[in-house]
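Structural features, examined
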Amino acid sequence: QDRMQFLNALEKRFIAEGRGGVASEHAKVLGKTHRLLTSKQMEAFKVAKEEETVRDRYGNTGFGRGCLMARRLVETGVPFVEVNMGGWDLHSDCFTSLETKLPEMDQAMSGLVEDLSERGLWQNTVVLWMGEFGRTPRINGNAGRDHWARAWSVVVGGGAIQGGRVIGATNEDGTQVETEPYSSEDLMATVCQGLGLSLQTTFTSKNGRPMKIAAGGSVIHDLFA
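These lines cover the structure that appears in this document, whether it is placed above or below. (Residues numbered from 1 in each chain as written. Predicted model: local features only at pLDDT ≥ 70, side-chain atom pairs only at ≥ 80, totals over all residues. Heavy atoms only, no water.)

This part takes up the pattern of salt bridges. Counted by the stated rule, this structure contains 15 salt bridges. The shortest N-O distance in the salt bridge between R119 and D115 comes to 2.7 Å. Overall, R119 belongs to the partly exposed group, its relative accessible area being 38%. Each of the salt bridges in this network shares a partner with another, and the network as a whole consists of E50, R57, R71, R72, E75, E114, D115, E118 and R119. (Salt bridge = Lys/Arg side-chain N within 4 Å of Asp/Glu carboxyl O. Buried < 20%, exposed > 50% of the residue type's maximum accessible area, 1.4 Å probe, protein only.)

With respect to the element layout, C94 can be found in helix α5 (residues 94-118). On the accessibility criterion, C94 (3% relative accessible area) is buried. C-alpha separation for the pair C94 and N142, spaced 48 residues apart in sequence, amounts to 8.7 Å. Apart from the residues within four sequence positions on either side, C94 is in contact with I139, A143, G144 and R145. (Helix = DSSP H or I, 4+ residues; strand = E, 2+ residues; numbered from the N terminus. Contact = heavy atoms within 4.5 Å.)

On to α5, then. Compared with an ideal rise of 1.5 Å per residue, which puts 25 residues at 36 Å, α5 spans 35 Å between its outermost C-alpha atoms and is within 8% of the ideal. At T100, α5 shows its strongest bend, of approximately 30°, with the proline P103 following within four residues. Within the sequence span of α5, burial applies to C94, K101, A108, M109, G111, L112, D115 and L116. Positive backbone phi, at 75°, marks G120, one or two positions downstream of α5. (Expected span 1.5 Å × (residues − 1). Bend = angle between axes of the 7 residues up to and from the residue.)

On the surface, M130, W152, V154 and M188 cluster together to form a nonpolar patch covering roughly 320 Å² of accessible area. Residue placement: W152 occurs in the loop between β3 (147-148) and β4 (155-158). Exposure remark for W152: the relative accessible area of 35% places this residue in the partly exposed category. (Patch = residues over 30% accessible without salt bridge, like charges linked within 9 Å, V, L, I, M, F, W, Y side chains within 5 Å. Areas by Shrake-Rupley, 256 points an atom, 1.4 Å probe, with all protein chains shown as cover.)

A few words now on helix α1 (residues 2-16). The terminal C-alpha atoms of α1, which comprises 15 residues, lie 21 Å apart, in line with the 21 Å expected from a rise of 1.5 Å per residue. G18 sits one or two residues past α1 and shows a positive phi near 70°.

What follows is about the packing of helix α4 (residues 62-76) against α5. With their axes 9 Å apart at the nearest point, α4 and α5 run at an angle of 15° to one another. Between α4 and α5, the angle falls in the class roughly parallel. Classified by chirality, the crossing of α5 by α4 is right-handed. Contacts between α4 and α5 involve F63, G64, C67, L68 and R71 from the first element and E104, M105, A108, L112, D115 and L116 from the second. Considering only residue class, the contact of α4 with α5 consists of seven nonpolar, one polar and three charged. (Axes fitted to C-alpha atoms, helices over the stretch in contact; angles between N-to-C directions. Parallel < 35°, antiparallel > 145°, perpendicular 65-115°, else oblique. Left-handed = near helix turned anticlockwise from the far one by under 90°. Nonpolar A, V, L, I, M, F, W, Y, C, P; charged D, E, K, R; others polar.)

The way to describe two aromatic rings as a pair is by their centre distance and the angle between their planes. Under the counting rule described, the total for this entry stands at one aromatic pair. Their ring planes at 90° and their centres at 6.1 Å tell us that F63 and W129 sit as a pair that is edge-to-face. Placement of the pair is F63 in helix α4 and W129 in strand β1 (residues 126-129), with a sequence separation of 66 residues. (Phe/Tyr/Trp six-rings, centres within 6.5 Å; stacked < 30°, edge-to-face > 60°.)

Moving on: the side chain of T136. By the element assignment, T136 lies in the loop between β2 (134-135) and β3. With a relative accessible area of 13%, T136 lands in the buried category. A polar contact of 3.2 Å, which involves the side chain of T136, links it to the backbone oxygen of R138. Dropping the residues within four chain positions of it, T136 is found in contact with R145, D146, H147 and W148. (Polar contact = N/O pair within 3.5 Å; in protein donor to acceptor, adjacent residues only side chain to side chain.)

In this section: the packing of α1 against helix α2 (residues 21-37). Interaxial distance between α1 and α2 falls to 9 Å at its minimum, and their mutual angle equals 160°. In terms of axis orientation, α1 runs roughly antiparallel to α2. In this structure, α1 meets α2 at a crossing whose hand is left-handed. On the side of α1, the interface is formed by M4, L7, E11, F14 and I15, while α2 contributes A23, S24, H26, A27, L30 and H34. Classifying every residue of the contact of α1 with α2 gives seven nonpolar, three polar and one charged.

What follows is the structure in structure tokens.
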């Protein structure tokens, strides 16, 4: 606390010297960080406090603990949580890698969905499970799969979204999209719809530029029908 008070005094003096907006913005960020690190919300990160049966449900892996922490953060009131599995870049030897990755993902994912549902959080939470592109339909010479932006799978559920359905399709070998294609903006618009957020919301940047929520994407209505 003494160190923070000393730093705060230095910050105020620096700002008073007219150093521009950067100095005051730095002080704001530092203040928010300090308030977070000393708040009760930090308890959400203490996954070890959960019952052993709950921890086992998600799996004793980094990704499993990350998904469990995500549920704890949602309960605490954090509006947006991202869990990273640490990469899916399977350019070589993908079959051996997936023997480990797939069971870890399946256990953590099912644990999170079940836990959110049982705790009454599913109706107010949208879970979006995805990467930034797909993998090539064909195996390369290194027994791997490369980047494939033409089509990829996404799992989305929770909130007002109706589950248990498949939207969109490719041809038999996955090389061509055969149904109406959806963009990342459409997907984000669908997430907003699932959470009851108005797609008419517009934010204004500091330079006065209007930015529409979900970049003007269109809702995938089949997920709500």
